[in-house]
Amino acid sequence: MDYIDSVLKGVEERNPGQPEFMQAVTEVLETLRPVLVKHSEFKHAKILERITEPERQIMFRVAWQDDSGEVHVNRGYRVEFNSAIGPYKGGLRFHPSVNLSIIKFLGFEQIFKNSLTTLPIGGGKGGSDFDPKGKSNNEVMRFCQSFMTELYRHIGDDTDVPAGDIGVGGREVGYLFGQYKRITNRFEGVLTGKSINWGGSLVRTEATGYGLVYLVNEMLKGAKKNIDGMTCVVSGSGNVAIYAVEKATQLGAKCVAMSDSSGYIYDPDGIKLDTVKQLKEVERKRIKEYVAVHPSAKYVEGCSGIWTIPCQIALPCATQNELNAESAATLIKNGVVAVAEGANMPTTPDGADLFVKAGVLFGPGKAANAGGVATSGLEMQQNDMRMQWSFDEVDHRLKNIMKGIYTNISESAKEFGFENNFIAGANIAGFLKVANSMMDQGLF
């Protein structure tokens, strides 16, 4: 058994019953073999053993009362994974599926994603198995206040700066921040994703979707191809998907399909994004209502069929493991040129392997969807300076960050014998910055 295999075995033994976390750890460590050959000092310093063990794991009870007076109990989490390059940074997710394995998987990914942005932010993640869907504003507020009453003691603008994620939008961030301010008597940049009125950043809403397409554009340019005129399929219809479609359309692509958890729409004339925004951001309706406004479009029950639509660009932006090997093979057969992950690990490992082996340009989530946390980092900078940049200024900085990420992962892949394998390139580039920082700081 070699060194990396022994580390993976040890991680699995210490974290039984955590498949999502093990999937993330395995995917990263398997690409680091040539790095350990070149940097034997990492093995001596036990960098892999240390980087796969969170610096701090916090679990706590969240008791709250609904509008009828009934008491409910949920579980809260904050995993502060690695602070080698800056304060912990990562979102809070409120969803019934949340458990320790998922939070650790997301937190581990966040270490390398944040590293790739080149901003001084470490990796962390948190959340709760609370479901905000169907709850009144007052119920969500009471839950957020109870959640923050415990969390506040573990966070701070130079310690740990949470943001939003699934189930945590502007409403939730507002309630969380209000409680933090009430308890601590401090107005500081302790949360990102705030309202523009009180410290938020322009472009934050659009950032993940825009950044995703900026990276795709860089991958295509590196392969001497042009996004203009390409057909694009995007899964999901939430924030990331909507603004990925918006930016891809601005750059000349034609997006023909989107989905939600019930099914997908196919509009061969190109998705009319104003309709999707009205349905999803204003009316909170299902994607199938699109065909009532645009009868030439088609709605299909079930989500997996979206990948049978021929396209040159595929952007999975919905959920984990939504694009499997069978769907990957279909996309390849139909001539896909580039695939980039807007969600966290939406492509199964065997699906990702097929894309890489087929020579498809594949942007892994830790690189492709880093635009959100990059703009959160820019929000932290604006908060520190007590100022707000214009939309164009933030967008320009975001575009340059995504361009830098592409350059970094491309060069790292080539240096270690993985040319055009951006999965390996992202893992290696993200890891090296954190590992060298850990070496500089001694044991911690």
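Predicted model, so just to flag it, every value in this text is computed and none were measured. (Residues numbered from 1 in each chain as written. Predicted model: local features only at pLDDT ≥ 70, side-chain atom pairs only at ≥ 80, totals over all residues. Heavy atoms only, no water.)

Enquirer: Got a minute to help me understand the packing of helix 2 (residues 19-29) against helix 6 (residues 100-116) in this structure?
Expert: The description of two packed helices rests on the angle between their axes and on the distance between the axes. Close contact between helix 2 and helix 6 brings their axes to 6 Å; oriented N to C, the two are set at 25°. Considering the angle they form, helix 2 stands roughly parallel to helix 6. Touching Pro19, Glu20, Phe21, Ala24, Val25, Glu27, Val28 and Leu29 of helix 2 are Ser101, Ile102, Lys104, Phe105, Phe108, Glu109 and Phe112, all from helix 6. Tallied by class, residues from the contact of helix 2 with helix 6 come to ten nonpolar, one polar and four charged. (Axes fitted to C-alpha atoms, helices over the stretch in contact; angles between N-to-C directions. Helix = DSSP H or I, 4+ residues; strand = E, 2+ residues; numbered from the N terminus. Parallel < 35°, antiparallel > 145°, perpendicular 65-115°, else oblique. Contact = heavy atoms within 4.5 Å. Nonpolar A, V, L, I, M, F, W, Y, C, P; charged D, E, K, R; others polar.)

Enquirer: For this particular structure, what's the right way to read the pattern of salt bridges?
Expert: Should their charged atoms come close, side chains of opposite charge can pair. Enumeration over the complete set of coordinates arrives at 24 salt bridges. Among the ionic pairs, glutamate 415 bridges to lysine 38, the shortest N-O distance being 2.7 Å. Within this pair, whereas glutamate 415 is found in helix 17 (residues 391-415), its partner lysine 38 is found in helix 3 (residues 33-38), the two being separated by 377 residues in sequence. Take glutamate 415: its relative accessible area is 48%, and that puts it in the partly exposed class. A salt bridge links glutamate 109 to lysine 366; the shortest N-O distance between them is 3.1 Å. Of the two residues, glutamate 109 is situated in helix 6 and lysine 366 in helix 15 (residues 365-368); the sequence distance between them amounts to 257 residues. (Salt bridge = Lys/Arg side-chain N within 4 Å of Asp/Glu carboxyl O. Buried < 20%, exposed > 50% of the residue type's maximum accessible area, 1.4 Å probe, protein only.)

Enquirer: Is there a simple way to explain the nonpolar core in this structure?
Expert: Most often, soluble globular proteins have nonpolar side chains that are buried together. Core analysis: the largest hydrophobic core is formed by 62 residues, its most contacted members being Leu220, Met258, Leu315 and Ile405. Broken down by element, the residue count for this core peaks at nine residues, all from helix 9 (residues 207-222). The residues contacting leucine 220, other than those within four sequence positions of it, are Lys225, Ile227, Met230, Ile313, Val337, Ala338 and Leu361. Val28, Leu36, Leu48 and Ile428 belong to the second largest nonpolar core, which has 41 residues in total. (Core = buried A, V, L, I, M, F, W, Y, C linked by side-chain atoms within 4.5 Å.)

Enquirer: Help me understand the layout of surface pockets, please; the structure alone is not making it clear to me.
Expert: Any space left empty among the atoms is revealed by the rolling of a water-sized probe across them. When its volume is computed, the second largest pocket comes out at roughly 380 Å³. Glu27, Pro349, Ala352, Asp353 and Ile423 are, among the 22 residues lining the second largest pocket, the residues nearest its centre. Of all elements in the fold, only helix 2, helix 14 (349-357) and helix 15 reach the threshold of two or more residues within the lining of the second largest pocket. Here the lining of the second largest pocket gets five residues from one element, more than from any other, and that element is helix 14. (1 Å grid on protein atoms, 1.4 Å probe; cavity = no way out; pocket = protein on both sides within 12 Å on 5 of 7 lines; lining within 4 Å. Points joined across faces, edges and corners; volume = space filled by probe spheres on them.)

Enquirer: Even after reading the chapter, I still don't get the sheet that holds strand 7 (residues 254-259), so can you show me in this structure?
Expert: Within a sheet, neighbouring strands are paired by backbone hydrogen bonds and run either parallel or antiparallel to one another. Taken together, seven strands build an open sheet; the order of strands is 9-8-7-6-10-11-12 and the sheet is mixed. Each edge of the sheet is formed by a strand with only one pairing partner; in this case those strands are strand 9 (298-301) and strand 12 (361-363). Here the strands of the sheet are splayed against their neighbours by 15° on average, with no regard to which way each runs. Pairing between strand 8 (residues 263-266) and strand 9: four bridges, direction antiparallel. (Pairing = 2+ DSSP bridges.)

Enquirer: Would you take a moment to explain unusual backbone geometry for this structure?
Expert: Working note: non-glycine residues mostly have negative phi, and peptide bonds are mostly trans. The backbone of threonine 118 sits at a positive phi, close to 70°, despite the residue not being glycine. Note on placement: threonine 118 falls in the loop between helix 6 and strand 4 (122-128). With phi around 50°, methionine 345 is a residue other than glycine that occupies positive phi space.

Enquirer: Quick question: what am I supposed to make of the state of the cysteines here?
Expert: Each disulfide is one covalent bond, formed between the sulfur atoms of two cysteines. By the definition in use, this model includes zero disulfides. Between cysteine 255, a free cysteine, and cysteine 232, which holds the nearest cysteine sulfur, the sulfur-to-sulfur gap is 3.7 Å. For cysteine 255, a relative accessible area of 2% gives the class buried. Not engaged in a disulfide, the cysteine cysteine 311 finds its nearest cysteine sulfur in cysteine 232; these two sulfurs lie 7.0 Å apart. Look at cysteine 311 and you get buried, because its relative accessible area is 1%. (Disulfide = S-S within 2.5 Å.)

Enquirer: Please clarify how the packing of helix 6 against helix 18 (residues 422-440) should be interpreted in this entry.
Expert: Where helix 6 meets helix 18, the axes come as close as 8 Å, and the angle between the chain directions of the two elements is 85°. When the axis of helix 6 is compared with that of helix 18, the two are roughly perpendicular. Of the residues in helix 18, those in contact with Ile111, Phe112, Ser115 and Leu116 of helix 6 are Ala426, Ala429, Gly430, Phe431, Lys433 and Val434. A class-by-class count of the residues in the contact of helix 6 with helix 18 yields seven nonpolar, two polar and one charged.

Enquirer: Mind showing me how you'd approach the sheet that holds strand 4 here?
Expert: Taken in spatial order, the five strands line up as 1-2-4-3-5 in an open sheet, and their pairing is mixed. Because the sheet does not close on itself, it has two edges, and the strands there are strand 1 (56-65) and strand 5 (160-163). Here the average twist between neighbouring strands, direction ignored, is 20°. Bridge analysis of strand 1 against strand 2 (residues 71-82) gives ten bridges, and the strand direction is antiparallel. Across the sheet, the residue bridging to valine 62 is asparagine 74, located in strand 2. The sheet strands contacting helix 6 are strand 1, strand 2, strand 3 (88-94) and strand 4, and the helix crosses strand 4 at an angle near 150°.

Enquirer: Any chance you could explain the packing of aromatic side chains here in plain terms?
Expert: Two aromatic rings are characterised by how far apart their centres lie and by the angle between their planes. Evaluated as defined, the whole model comprises 19 aromatic pairs. Above the ring of phenylalanine 444, the side-chain terminus of arginine 50 is found at 5.9 Å from the ring centroid. Taking NZ or CZ as reference, lysine 247 lies 4.4 Å from the ring centre of tyrosine 210, over its face. (Phe/Tyr/Trp six-rings, centres within 6.5 Å; stacked < 30°, edge-to-face > 60°. Lys NZ or Arg CZ within 6 Å of the ring centre and 35° of its normal.)

Enquirer: Sorry, what's going on with helix 6 here?
Expert: Helical geometry: 3.6 residues make up each α-helical turn, so side chains three or four residues apart lie on a common side. Counted at 1.5 Å a residue, the expected span for helix 6 with its 17 residues is 24 Å, and the 25 Å between its end C-alpha atoms agrees. Glutamine 110 marks where helix 6 bends most, by close to 25°. Among the 17 residues of helix 6, 17 are classified as buried, and the element is accordingly described as predominantly covered. Measuring from the backbone nitrogen of serine 101 back to the side-chain oxygen at the start of helix 6 gives 3.1 Å, which picks out asparagine 99 as the cap. Just downstream of helix 6, threonine 118 is the residue with a positive phi angle, here 70°. (Expected span 1.5 Å × (residues − 1). Bend = angle between axes of the 7 residues up to and from the residue. Polar contact = N/O pair within 3.5 Å; in protein donor to acceptor, adjacent residues only side chain to side chain.)

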